[in-house]
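# Report on the structure
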Amino acid sequence: MKSERIARVLIVLLVVGLPSVAVIARSSPGAIELHGSIADNGGWNPANLSVGVGQPIHLRLTSDDVMHGFAIGQSDRAPIDVSPGKMTETTLIFDKPGKYTFYCTRWCGIKHWRMRGAI
Ligand SMILES: [Cu+2]
């Protein structure tokens, strides 16, 4: 199992090259479910995530109400649609330490701009 994980990480690193944030769609056991809801109902849950540098963090994104979008600051990757009733998986790897803000990219209500979280 450990060698499989190492092989996965190596493949991911080979595929993504140098970007500071790598995002790869992949089915992942042990993923964190990240729920989006309008800011009045809590925004992202959980809103704070942590992961080690170079360690993959697997997310399963879904919405509890309306269509949201998921994007990370300091990344040029296209936003991911976060739809009610659907799970969208993604894997992130950060190759530099820091605080990365993630946010909603779809107008989802009057407090849309408050729908933020941090990794
Ligand atoms: Cu929004």
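These notes cover the structure that comes with them. (Residues numbered from 1 in each chain as written. Predicted model: local features only at pLDDT ≥ 70, side-chain atom pairs only at ≥ 80, totals over all residues. Heavy atoms only, no water.)

A count of helical and extended segments in the chain gives one helix and nine strands. For the chain, the proportion of its 119 residues judged to be buried stands at 38%. Sequence separation of 24 or more characterises 66% of the internal contacts of the chain that already satisfy a separation of 6 or more. Of the roughly 7000 Å² of accessible surface on the chain, a fraction of 56% belongs to carbon and sulfur atoms. (Helix = DSSP H or I, 4+ residues; strand = E, 2+ residues; numbered from the N terminus. Buried < 20%, exposed > 50% of the residue type's maximum accessible area, 1.4 Å probe, protein only. Contact = heavy atoms within 4.5 Å. Areas by Shrake-Rupley, 256 points an atom, 1.4 Å probe, with all protein chains shown as cover.)

Looking at the copper ion, the protein donor atoms are Cys104 (SG), Arg106 (O), Cys108 (SG) and His112 (ND1), and they sit 1.9 to 2.3 Å from it. Coordination at the copper ion is irregular, judged from the four donor atoms that bind it and the angles of 81 to 121° they form at the metal. Spacing between the donor residues of the copper ion along the chain follows C-x1-R-x1-C-x3-H. Note on accessibility: Cys108 and His112 belong to one class, buried. (Donors = N, O, S within 2.8 Å, 3.2 Å for Na, K, Ca; no water. Tetrahedral: all angles 85-135°; square planar, octahedral: opposite > 155°, others 65-115°.)

Assignment of secondary structure puts Thr62 in strand 4 (residues 56-63). Exposure remark for Thr62: the relative accessible area of 6% places this residue in the buried category. Ignoring any residue separated from it by four or fewer positions in sequence, one finds Thr62 in contact with Leu34, His35, Gly36, Val82, Ser83, Gly85, Lys86 and Met87.

Summed over all chains, the structure comprises four salt bridges. We note a salt bridge from Arg60 to Glu89, for which the minimum N-O separation is 3.2 Å. One end of the pair, Arg60, is in strand 4; the other, Glu89, is in strand 7 (residues 88-94), with 29 residues separating them in the sequence. One network of salt bridges, in which partners are shared, links Glu33, Arg60 and Glu89. (Salt bridge = Lys/Arg side-chain N within 4 Å of Asp/Glu carboxyl O.)

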